[in-house]
Amino acid sequence: MSSRIRTTKQLARRINKEYFKKLAFIPRWRRLLSLIVTVLGLGWLVWYAFARDASIYSAGPLTKAHASLGSQCGSCHNQEKGIARMVADTQCLSCHDGPVHSARQVSTPACAECHVEHQGLETLMVSGDRMCTSCHSDLHTTGGAPKVAAAIHSWSNGHPEFDLPKQDPGQIKFNHKVHLKKDLRGLSGLVQLRCRDCHRPAGIGAPADPSGSVSGPRPSRAYMAPITYAGQCASCHPLEFDPRMTEVAPHKDPQVVHEFLVAKFSAYIQAHPELLPESARAQRIVRQTQDPLAGSAREWVLLRVADSERLLWTKTCLQCHRLTPDGALPRVAPANLNARWLKHGNFDHSAHASVDCERCHTAAAGSERTSDVLIPGAAVCRECHASGRAASAGTECTECHEYHDWTKEKDVRHSKVGL
Amino acid sequence: MVLACLLVPAPAFPADAAPGNYTGPGSCGSTSCHGGIRPRSDNAVLQNEFTTWTLQDKHARATGVLNNDVGKRMGVILGIDPSQSSKCLVCHSLNVPEDRQTRSFDKGEGVSCESCHGPASNWLGPHTQRGWQYEKGLELGMKNTRNLMGRAEVCLGCHLGDDNRSVDHEMIAAGHPDLYFELDSFTAAMPPHWKETDKDPWIDVRALAVGQGVQLRENLLRISREAKHFWPEYAELDCFACHHSLTAAKDSWRQARGYPDRRAGNPPWNSSRYVVFRVILGQLDRDSAARLDAGIKQVDELVSDIRADPAKIAQAAAQAATTADEVAKRMPGIQLDGSVGWRLIKAITANSDSIAGAGERSAEQAAMVLDSVFLASNRAAKVANSQQISRAIAALFQLVENPSAYNPAPFAQQMRSIGALVQ
């Protein structure tokens, strides 16, 4: 009988009885790497701390508008409240104004609820109808009935018709149909006017920079430039007042016009004394009353001024303006041209430049009365801005609306950010 | 029945067949249209028509006079508000009903564009277009004022009256002037706001003859209308047969002359629309003169007889009007030779006594006609003594300055002296 080579003892020896005194490979490296990473991390932080660079704490890139703030976290993140907290409104308002949406709103969100930073957005504004409809789908106020529709769920659900006036409040007698007709007679022949001959985007025609380079802020092109006599009317409707004069009367108050006429005719008769005294025209009919004749320069001026004013007040001015007698000179009703029709929404003509004017302003070419409102209704917008359609122009609230009521904007004087 | 006719109120505006509605004078006066400050030479029309009308033409002030002192006083006498009454506004404004206005316009702008040119709504738009012809407008409601007959009819609608427009003895008593007219003189006095398209060198004399013919016809029609409704209508009689200051019998030229054609005490017909025309016709259209004479003589006798039967007057006047219409229609095409002007002056002045004797209104016509014919003649062939003739005609005007002091003898004498100045 042969004896066993491996005894139990021998076998037991194969086990390191001290194994627990030394870490195994993985745990050892885990511990080692944890230590290294922590040290490196701390070192990285210390390195940045020594370099005074806080950018490593940023949650994401800043919007372009805030890019200049760089790594000055404290500009917005109030140290006392801790960086984890949402930036307080006071921090925003130290540089920006954010006028209240409505004096009667039941709740006011914090700036950062809508304006989310560190998302790398082009602008801070976060669109999304929910921001608006959370209130406007079931609108309540702090007192009184809402002035706008109370259940707007979206552009296609609950949005009311535009709040346009029933009549154009303008007091200038204007006939679009006549002005747009074929072969309109202009001062030097027949013309065909187009919408843009009078309705020019603001900014077009602004004086060019004398240096030749484009500089300075350009006026907004969203709205049309205001209609003025000098800009739109004067070229075809000169204020001629006497065949002897090549000048035209100023487009000003009747009193100013009167003084202008007196000055012009006084100068004229001084230069032409041979016109005095006036002699009667040959009588052609019996019982004919003679027109008054001027014996002196003063009488001549009075008669000519009276003639010119008759022509101006009863023809030239009256053609466009409403005049009422007011002593010796008439009173001219203010033009009262409406500068902006859509009071709640913003409309940008430049964004719609590829669309013909008549496509939306369908009634303009046939309009004969000043009182006609020629602004299209919501149905016209919906021809392109139609939610649910495959190829639709935008239908978000923010396409047209702004939250802040910028008519109540205040000047922001102090900035704690030294730039 | 007659009473019923009298009670039917006259429409506010004469029924006119012209299609279209009225746009108001403001539609025409743009500087680029008809409201320029000076006449233009690059267009068929002057384009300062509105300015001429506004500044020089009394028609533009026709509504304004309703509110002057005489107008107000007339309103008190007649028991009407002249600025509101259609009796006045039919001639003193563009008085059209609301439903014929394309936009509401001020009626106070006088006798304006559409009063004479017709309602513009149908032609206002297209009439500025390239290739437009005047005739197209006529189809669309524009009145033909280039046609001398049409022009005279437009003027006489107010300057003599028609079915809906009249100046009767009551209005004259209240202060309205007696109506009178002579197309060429009145056109010149207006003054014209157009350039004459007709290149006829005697266009003024032709217009004068047409005006005389049309006003005679319209006068006869008016007598016929009045005689059917209300007679005697004193406005048809010679005003100054009665309205003159009375002098001692020995100084009365009327009594010295006697009343050869009528019973003493009967006021005579105001024949001013015939006596001068008759002489003109004698030169231009002898046959017409002869045809008219008999009918007119009958009207003259009947109207000048205060006891005449109105039905007979109406019939005689209507009959004479038919002849007058035929004669008037011959006038636009009548032959006028180079010497017609001086010939007419000779003929008219040769009839000094009969014209001057027909009354102050006839003398008035003679003065205006002589002046018009002289100016046209002198334009055609200037004479050396034109200034002398001018002065003599001006003196003729002076003799009718005060109508109730009118005396036929010196007037006839002055007419003869004008005739003597003309070769």
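Scoring rules and cut-offs
- Residues numbered from 1 in each chain as written.
- Chains lettered and ligands numbered in written order.
- Predicted model: local features only at pLDDT ≥ 70, side-chain atom pairs only at ≥ 80, totals over all residues.
- Heavy atoms only, no water.
- Patch = residues over 30% accessible without salt bridge, like charges linked within 9 Å, V, L, I, M, F, W, Y side chains within 5 Å.
- Areas by Shrake-Rupley, 256 points an atom, 1.4 Å probe, with all protein chains shown as cover.
- Salt bridge = Lys/Arg side-chain N within 4 Å of Asp/Glu carboxyl O.
- Helix = DSSP H or I, 4+ residues; strand = E, 2+ residues; numbered from the N terminus.
- Buried < 20%, exposed > 50% of the residue type's maximum accessible area, 1.4 Å probe, protein only.
- Phe/Tyr/Trp six-rings, centres within 6.5 Å; stacked < 30°, edge-to-face > 60°.
- Expected span 1.5 Å × (residues − 1).
- Bend = angle between axes of the 7 residues up to and from the residue.
- Contact = heavy atoms within 4.5 Å.
- Domains from an automatic or database assignment.
- Buried area = accessible area lost by both parts, 1.4 Å probe.
- Polar contact = N/O pair within 3.5 Å; in protein donor to acceptor, adjacent residues only side chain to side chain.
- Axes fitted to C-alpha atoms, helices over the stretch in contact; angles between N-to-C directions.
- Parallel < 35°, antiparallel > 145°, perpendicular 65-115°, else oblique.
- Left-handed = near helix turned anticlockwise from the far one by under 90°.
- Nonpolar A, V, L, I, M, F, W, Y, C, P; charged D, E, K, R; others polar.

**Quick look at a nonpolar patch on the surface**
All names here are of chain A. The grouping of Phe25, Ile26, Trp29, Leu32, Leu33, Ile36 and Leu40 at the surface amounts to a nonpolar patch, some 710 Å² of accessible area in total. In this structure, Leu33 sits in helix α2 (residues 25-50). Residue Leu33 is classed as partly exposed on the basis of its relative accessible area of 45%.

**Here we look at the packing of aromatic side chains**
What the rule picks out here adds up to 12 aromatic pairs over all chains. With 5.8 Å between their ring centres and 75 degrees between their planes, Phe265 of chain A and Trp300 of chain A make a pair best called edge-to-face. Residue Phe265 of chain A is found in helix α9 (residues 254-271), and its partner Trp300 of chain A is found in helix α10 (residues 297-316); the two are separated by 35 residues along the sequence. Each member of the pair, Phe265 of chain A as well as Trp300 of chain A, carries the same accessibility label: buried. Here the aromatic rings of Phe50 of chain B and Trp53 of chain B are separated by 5.1 Å at their centres, their planes lie at 65 degrees, and the arrangement is edge-to-face.

**Observations regarding helix α13 (residues 272-284) of chain B**
Residues and elements named next belong to chain B. Between its first and last C-alpha atoms α13 spans 19 Å; for 13 residues at 1.5 Å apiece the expected length is 18 Å, and the two agree. At Arg278, α13 is deflected by roughly 30 degrees, the largest bend along its length. Among all positions in α13, only Ser272, Arg273, Tyr274, Val275, Val276, Phe277, Val279, Ile280, Leu281, Gly282 and Leu284 are buried. Looking at the buried positions of α13, the neighbouring elements they touch are α10 (203-229), α14 (286-303), α15 (310-330), α16 (340-350), α17 (352-357) and α18 (360-380).

**What about the domain arrangement of chain B?**
According to the domain assignment, chain B contains domain 1 (19-120) and domain 2 (203-421). Of note, the centres of domain 1 of chain B and domain 2 of chain B, computed from C-alpha atoms alone, are 31 Å apart.

**A short note on the interface of chain B and chain A**
Each partner contributes residues to the interface: chain B has 42 residues there, and chain A has 33 residues. Summed over both sides, the interface of chain B with chain A buries roughly 3,400 Å², with 46% coming from carbon and sulfur. Measuring nitrogen to oxygen at the nearest pair gives 3.8 Å for the salt bridge that ties Asp183 of chain A to Arg130 of chain B. For the pair chain B and chain A, the interface holds 22 residue pairs in polar contact (both at pLDDT 80 or more).

**Things to note about the packing of helix α7 (residues 148-159) of chain B against α10 of chain B**
Residue and element names in this part refer to chain B. Packing of α7 against α10 leaves a shortest axis separation of 9 Å and a crossing angle of 50 degrees. With respect to each other, α7 and α10 are oriented oblique. You can see that α7 and α10 cross each other, and the crossing is right-handed. Of the residues in α10, those touching α7 at Leu148, Met149, Ala152, Glu153 and Leu156 are Ile203, Arg206, Ala207, Val210, Gly211, Val214, Gln215 and Arg217. A class-by-class count of the residues in the contact of α7 with α10 yields 8 nonpolar, 2 polar and 3 charged.

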